[in-house]
Amino acid sequence: MVDTARRNSGAEGVDGGVGVTALLVAAARAIETHRDDSLAQDRFAEHFVRAAPASAGWPVRSHQVPGGDTNPLWGRFARYFGLRTKVFDDFLLRSAGAGARQVVLLGAGLDTRAFRLGWPDGCVVFEVDREGVLAFKHEVLAGLSAEPKAARVAVPADLRDDWVTALTGAGFDPSAPSVWLVEGVLFYLPRSAETQLIGLIDRLSAEGSALAYEAKLEEDLAAFRDSSIYTATRKQIGIDLIGLFALEQRPDSAGDLAGRGWSTSVHSPFEYTERHGRGPLPEPHDALEGNRWVFADKPRS
């Protein structure tokens, strides 16, 4: 598996392209973990950051961040990722507790929820992502002798390809309730790919299933290229997020789900900042102003 990780470095792993954004989120989770007022704990996150050449010098503690919380990237943006982790953690555990024992993480990246959350008995966590990303994660976690707290199934597949066959071939049962998470993924995909993905999730979801995903509602993402968050990300770690995003106007996936019979709710992250007492607040020319967290349930008859 180590050789596989090395063969799939660059665009196929975590050292280039969209893959490197998984390291950005891992660094944010590491910083959040060590805050005195942490919302989410991920003791594995810093090990990913230190293991990858692309992120070897990034901070994993608040005291390593120049300017502390005033730093747009490792302060405000990292706090956003910490809040997002907390909110989606709660959603997954609540859905699993309500009976959805299949958990599907689409574009799982360096997600460690299978290892750090207290899952009900019988849960299976399917992690769907490209082979290089999963191989790198396996290498790091194996080196830590990490043990999952639920059955964990890695599913090597690109969301732009036939991930459904890979998922069902790995043991996913479309007739049983499931909970899906698409965290920080959709805005990298073309509009048509998002629409197709939402339709596939609906087709694979039995009654009693649930879904959470992150969306961006800005009509012109490129207009935020010089916002503080995106500028800091380019200058401090060399990642041009705007250059990685699909800049088409996004589809109304929440409306699509509602039309398919799902119960949906759409929330600004700032609502959860108010609820939890920490996280980002709105600011002028804010790259986060169009971000939404969408939650959907497929009712039982």
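Our structure is the block above this text.
Because the structure is predicted, anything quoted here is derived from the model rather than measured.

K.L.:
Run through the overall build of the chain, naming residues and quoting values.
P.N.:
Secondary structure summary: the chain contains 12 helices and 7 strands in total. Here the chain has a C-alpha radius of gyration of 18 Å; the compact-globule value for 301 residues is 19 Å, and the two agree. Considering only C-alpha atoms, the chain reaches an extent of 55 × 45 × 35 Å along its principal axes. Relative to its full complement of 301 residues, the chain shows a buried share of 56%. Contacts spanning at least 24 positions in sequence make up 76% of the contacts within the chain whose residues lie at least 6 apart. Just so you have it, the chain exposes about 12,200 Å², and 48% of that area is on carbon and sulfur atoms.

K.L.:
Hey, could you go over the pairing of strand β1 (residues 102–106) for me, with residue numbers and the actual values?
P.N.:
Successive side chains on a regular strand alternate, one facing one side of the sheet and the next facing the other. Summarising burial for β1: 5 of the 5 residues are buried, a large majority. Sheet analysis places β1 next to strand β2 (residues 124–129), joined by 5 bridges and oriented parallel. Considered in β2, the bridge of Gln-102 is made with Val-124.

K.L.:
Got a sec to walk through the pattern of salt bridges? Specific residues and values, please.
P.N.:
Side chains bearing opposite charge may pair, as long as their charged atoms lie close to each other. Throughout the structure, instances matching the rule amount to 25 salt bridges. Ionic pairing is found between Glu-46 and Arg-50, a salt bridge with its closest N-O pair at 2.7 Å. Here Arg-50 and Glu-46 lie together in helix α3 (residues 45–51), a separation of 4 residues that amounts to about one turn. A relative accessible area of 45% places Arg-50 in the partly exposed class. The salt bridge partner of Glu-283 is Arg-76, with a shortest N-O separation of 3.5 Å. You can see Glu-283 sitting in the loop between α12 (269–276) and β7 (291–297) and its partner Arg-76 sitting in helix α4 (residues 72–97), a full 207 residues away along the chain. We classify Arg-76 as buried; its relative accessible area is 12%. What emerges from the salt-bridge pattern is a single network uniting Arg-84, Asp-89, Asp-111, Arg-113, Arg-116, Glu-183 and Glu-214.

Reading the values: the criteria
- Residues numbered from 1 in each chain as written.
- Predicted model: local features only at pLDDT ≥ 70, side-chain atom pairs only at ≥ 80, totals over all residues.
- Heavy atoms only, no water.
- Helix = DSSP H or I, 4+ residues; strand = E, 2+ residues; numbered from the N terminus.
- Rg over C-alpha atoms; globule rule 2.2 N^0.38 Å.
- Buried < 20%, exposed > 50% of the residue type's maximum accessible area, 1.4 Å probe, protein only.
- Contact = heavy atoms within 4.5 Å.
- Areas by Shrake-Rupley, 256 points an atom, 1.4 Å probe, with all protein chains shown as cover.
- Pairing = 2+ DSSP bridges.
- Salt bridge = Lys/Arg side-chain N within 4 Å of Asp/Glu carboxyl O.

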